[in-house]
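# Structure at a glance
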Amino acid sequence: MVLITLEGIDGSGKTTLVTQLQHRLADIEPVFTREPTTAWTGRAVRRGIAEEVDPIAEALLFAADHAAHLATVVRPALAEGRTVLSDRYSDSRYAYQSVVLDRHMPEPLAWLRTLHDGWTIPPDQTFLLVLPVDQAMRRLGGNHGRREHFEQTEVLERVQAAYMALAEAEPWRFVLVDATKEKREIREFVESGIRETVARSRARRRP
Ligand code: TYD
């Protein structure tokens with residue numbers, strides 16, 4: 001029962017990495033999941049993003065989707081002893097919404113943490129894909145006609161800085177991944193990290 005999350009700014013290459021890991025890690029049968037989820041709560045989040053709903057309402061929608069995600073996917077899978085791999089998780093809120101809410105309340109990160117406190121399940125390990133924002137924007141340019149409000153250079157710069165601060169605060173949990181490297185190298189690095197973490201957790205559980 002290990003909870004591993006993948007994080008990074010838009011365009012950092014998470015989607016490609018997840019697709020590769022789904023093939024490569026089939027033998028350990030992880031539960032691959034994501035936030036926003038594909039359930040109705042996740043669709044509500046996407047609608048909120050598309051309609052540029054009030055930022056506090058948006059943050060609460062993301063948190064609601066997280067609660068439903070824990071109840072329906074994460075908690076049951078961990079209870080069965082499965083490895084859970086989530087493409088985005090609570091750190092996405094701490095990084096993105098702390099930036100988006102900056103002008104709406106005095107201490108958005110503290111508010112976001114309090115919002116999650118007492119019921120969220122913290123990840124055991126988090127791989128953070130780090131790519132210079134100009135490169136991420138170039139990648140996004142290729143496949144996005146219209147950009148979501150998060151996908152702006154200035155916003156992503158601040159989100160990336162927020163992610164780095166989170167990683168600095170919890171170095172035992174975060175693994176920084178140089179997303180400028182070749183896709184294959186990135187995949188090998190993350191795959192072996194996940195395998196080590198899963199093996200360590202299995203060894204701990206053995207009587
Ligand atoms: P995602 O589905 O990962 O992006 P894409 O549509 O490119 O696959 O996430 C959608 C957007 O929502 C993305 O810009 C990141 C943002 N986001 C937050 O701001 N807070 C959150 O808690 C999550 C999960 C995502």
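I will try to describe carefully the structure that is included in this document. Please read these numbers as outputs of a predicted model, since none were measured by experiment.

Once that is clear, we can look at the side chain of E58. Structurally, E58 is set in helix α3 (residues 55-79). Here E58 is in contact with G48, I49, V53, Q97, V100, H149 and F150, once residues within four sequence places are set aside.

Right, let's get into the site of the ligand. Close to the ligand lie 15 residues, the nearest being D10, R34, R46, R88 and Q97. At 2.7 Å from an oxygen atom of the ligand is found a side-chain nitrogen or oxygen belonging to D10. One of the side-chain N or O atoms of R46 is found 2.7 Å from an oxygen atom in the ligand. Out of a free accessible area of 540 Å², the ligand has 89% covered by protein chains. Elements supplying a minimum of two residues to the shell around the ligand: α2 (40-50) and α4 (90-100). Tallying contributions element by element places α4 first for the shell around the ligand, with four residues. Of the residues in the shell around the ligand, the class split is five nonpolar, two polar and eight charged.

Glancing now at the sheet that holds strand β3 (residues 83-87). Strand order in this open sheet of five strands is β2-β3-β1-β4-β5, and the pairing throughout is parallel. Looking at strand neighbours, the two that pair on one side only are β2 (31-34) and β5 (174-178), the edges of this open sheet. Shown here is a sheet whose adjacent strand axes are inclined to one another by a mean of 20°, direction ignored. Note: β2 against β3, four bridges, orientation parallel.

With that settled, the discussion passes to the side chain of E35. Note that E35 resides in the loop between β2 and α2. Classification of E35 by relative accessible area gives buried; the value is 3%. Among the polar contacts listed, one links the side chain of E35 to the side chain of H69, at a separation of 2.8 Å. A polar contact is formed between the side chain of E35 and the side chain of R93, at a distance of 3.0 Å. Apart from residues lying up to four places away in sequence, E35 is in contact with H66, H69, S86, D87, R88, Y89, S90 and R93.

Rules of the game
Residues numbered from 1 in each chain as written. Predicted model: local features only at pLDDT ≥ 70, side-chain atom pairs only at ≥ 80, totals over all residues. Heavy atoms only, no water. Helix = DSSP H or I, 4+ residues; strand = E, 2+ residues; numbered from the N terminus. Contact = heavy atoms within 4.5 Å. Near = heavy atom within 4 Å. Polar contact = N/O pair within 3.5 Å; in protein donor to acceptor, adjacent residues only side chain to side chain. Areas by Shrake-Rupley, 256 points an atom, 1.4 Å probe, with all protein chains shown as cover. Nonpolar A, V, L, I, M, F, W, Y, C, P; charged D, E, K, R; others polar. Pairing = 2+ DSSP bridges. Axes fitted to C-alpha atoms, helices over the stretch in contact; angles between N-to-C directions. Buried < 20%, exposed > 50% of the residue type's maximum accessible area, 1.4 Å probe, protein only.

All quantities given are derived from atomic positions and should not be read as evidence of function.
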